[in-house]
Amino acid sequence: MHPSLDAVGVTFRFAGADAPALDDVSLRVDPGEYVALLGPNGAGKTTLIGMVTGLRVPDRGTVRVCGGDPTSARTRLRLGAVLQDTAFPRHLTVRELVEGAAVRSGVPRGRAAGVLEEVGLDDLARRRSGKLSGGQRRRLQLARALVADPALLVLDEPTEGLDAAARRDFWRNLTARRDAGMAVLLTTHIVEEAGAVADRVSVIAGGRVVADESPASLTGRLADRTVSVRTALPAAVVRDLPGVLRVEETAGRLVVVTTSPEAVVRRVLHDDPTAHDLRVEAASLEEAVMAATDRMSA
Ligand SMILES: Nc1ncnc2c1ncn2[C@@H]1O[C@H](COP(=O)(O)OP(=O)(O)OP(=O)(O)O)[C@@H](O)[C@H]1O
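Residues numbered from 1 in each chain as written. Predicted model: local features only at pLDDT ≥ 70, side-chain atom pairs only at ≥ 80, totals over all residues. Heavy atoms only, no water.

### Considerations on the site of the ligand
Contacts to the ligand come from Phe 14, Ala 21, Pro 40, Asn 41, Gly 42, Ala 43, Gly 44, Lys 45, Thr 46, Thr 47 and His 189. Ala 43 places a main-chain nitrogen or oxygen 3.1 Å from an oxygen atom of the ligand. One of the side-chain nitrogen or oxygen atoms of His 189 is found 2.9 Å away from an oxygen atom of the ligand. Summarising the interface, the protein chains cover 57% of the accessible area of the ligand, which totals 640 Å² for the free molecule. In terms of residue class, the shell around the ligand is built from four nonpolar, six polar and one charged. (Near = heavy atom within 4 Å. Polar contact = N/O pair within 3.5 Å; in protein donor to acceptor, adjacent residues only side chain to side chain. Areas by Shrake-Rupley, 256 points an atom, 1.4 Å probe, with all protein chains shown as cover. Nonpolar A, V, L, I, M, F, W, Y, C, P; charged D, E, K, R; others polar.)

Here it is as structure tokens:
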């Protein structure tokens, strides 16, 4: 079976730009896999999404969606996309817009009803799109992208502007599709959300891939741990211990970032038998992504 997405050695330079927006980028997404594309502003994520959706063509390298060329109409039928800044004709209803997407993709109009139910818009099927909230509009975009059963769903910051409950609903809507083998490529600036939903994160900085691995493996590469403990000990007691990178003292709590948490824990418990509420936490995905990005620019 073909990968859902296979981008190999993709290079692209905008006309007149000094540096390429994408420089030898490779990325593979297999059926049923969710991959998050992360990286700072201007890293090249949207440019790469443009190649995957067939809106741009690489100067060098190849992009294949389910083995086909994403600029061909036939391949684009395998692809669903929720992109930024999609405007709908305000006078059309939710149902009409989803039926229109079905007809354009060559699938029966009757599929609209099931998809509206799937994304939780069945109650609003007759509402005009101009009267939807931001979160409801995002669901409408999702329904239009899903109606033709895509093999690969591309989501460019799909949950931007949504509150935590709406974000959770958005991802819950996609659970059954994942189980059925649909692949997802998403971009997001909400790094912890990517960690929660993605099997792999691909970090892009300056047009190059600087990390491509599971969220757990990326955070595991940072040796930093945070020891947090409620104690009356002053920060100076742990500041000079081996491996300590940073110490903060706030309202009866010491928060210590260190590569050697054992030394900190031993010292605190030795010096203060009343210390309690002790926690040792790994680096966050956000910190790991920033470290991968910094390594690139160092
Ligand atoms: N139409 C364009 N013409 C010229 N340069 C562009 C164009 N679009 C993007 N760029 C440049 O290409 C680089 C990559 O931009 P891109 O939009 O892909 O980044 P991004 O990772 O999606 O950023 P963001 O997180 O801000 O959306 C940036 O340096 C940007 O300034």
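Next comes the rest of the account.
### Topic: the sheet that holds strand E9 (residues 208-213)
Taken in spatial order, the six strands of this open sheet run E5-E6-E7-E3-E8-E9, and their pairing is mixed. Strand pairing shows two members of the sheet lacking a second neighbour, strand E5 (79-82) and E9, which therefore form its edges. Looking at each pair of strands side by side, their axes are set apart by 15° on average, direction ignored. Sheet topology note: the E5/strand E6 (residues 152-156) ladder contains four bridges and is parallel. Bridging across to E6, Gly 80 finds its partner in Leu 153. Together, E5 and E6 form the strand contacts of helix H5 (residues 134-146), whose direction differs from that of E5 by roughly 170°. The sheet strands contacting helix H6 (residues 164-179) are strand E3 (34-38), E6 and strand E7 (183-187), and the helix crosses E6 at an angle near 165°. (Pairing = 2+ DSSP bridges. Helix = DSSP H or I, 4+ residues; strand = E, 2+ residues; numbered from the N terminus. Axes fitted to C-alpha atoms, helices over the stretch in contact; angles between N-to-C directions. Contact = heavy atoms within 4.5 Å.)

### Points about the side chain of Thr 187
By the element assignment, Thr 187 lies in strand E7. At a separation of 2.5 Å, a polar atom in the side chain of Thr 187 contacts the side chain of Asp 156.

### Here we look at the layout of surface pockets
What the largest pocket holds in volume is close to 540 Å³. Contributing to the lining of the largest pocket are 19 residues, with Leu 79, Gly 80, Ala 81, Arg 104 and Arg 144 lying nearest its centre. Of all the elements in the fold, those that place two or more residues in the lining of the largest pocket are E5, helix H3 (94-104) and H5. Here the lining of the largest pocket gets four residues from one element, more than from any other, and that element is E5. (1 Å grid on protein atoms, 1.4 Å probe; cavity = no way out; pocket = protein on both sides within 12 Å on 5 of 7 lines; lining within 4 Å. Points joined across faces, edges and corners; volume = space filled by probe spheres on them.)

### Describing the UniProt feature "domain: ABC transporter" (unreviewed entry) in the chain
Here the UniProt-annotated "domain: ABC transporter" (unreviewed entry) positions come out as residues 5-231. End C-alpha atoms of residues 5-231 are separated by 52 Å, and the span's content is 32% helix alongside 26% strand. (UniProt positions renumbered as here; feature names shortened; annotations may be inferred.)

### Some details on the pattern of salt bridges
This model, assessed by the stated rule, comprises 17 salt bridges. As a salt-bridge pair, Arg 253 and Asp 277 come within 2.5 Å of each other at their nearest N and O atoms. Placement of the pair is Arg 253 in strand E12 (residues 253-258) and Asp 277 in strand E13 (residues 276-282), with a sequence separation of 24 residues. Among the residues examined, Arg 253 registers a relative accessible area of 12% and is labelled buried. A relative accessible area of 35% means that Asp 277 is categorised as partly exposed. The structure contains a network of salt bridges with shared partners spanning Arg 230, Arg 253, Asp 277, Arg 279 and Glu 281. (Salt bridge = Lys/Arg side-chain N within 4 Å of Asp/Glu carboxyl O. Buried < 20%, exposed > 50% of the residue type's maximum accessible area, 1.4 Å probe, protein only.)

### Topic: the sheet that holds strand E10 (residues 225-230)
One open sheet holds the four strands; their spatial order is E11-E12-E10-E13, and the pairing between them is antiparallel. Each edge of the sheet is formed by a strand with only one pairing partner; in this case those strands are strand E11 (244-250) and E13. Recorded for the sheet is a direction-independent mean angle of 15° between the axes of neighbouring strands. For E11 and E12, the ladder comprises six bridges, and the chain directions are antiparallel. Residue Val 247 lies in a different strand from E12, and its bridge partner there is Val 256. Where helix H10 (residues 261-271) meets the sheet, its contacts fall on E10, E11, E12 and E13, and the angle it forms with E10 comes to roughly 15°.

### Looking at the packing of H5 against H6
Packing of H5 against H6 leaves a shortest axis separation of 11 Å and a crossing angle of 15°. The angle between H5 and H6 falls in the class roughly parallel. Crossing angle aside, the handedness with which H5 passes H6 is right-handed. On H6, the residues touching Arg 138, Arg 139, Leu 142 and Leu 146 of H5 are Asp 169, Phe 170, Asn 173, Leu 174 and Arg 177. Its residues assigned to classes, the contact of H5 with H6 comprises four nonpolar, one polar and four charged. (Parallel < 35°, antiparallel > 145°, perpendicular 65-115°, else oblique. Left-handed = near helix turned anticlockwise from the far one by under 90°.)

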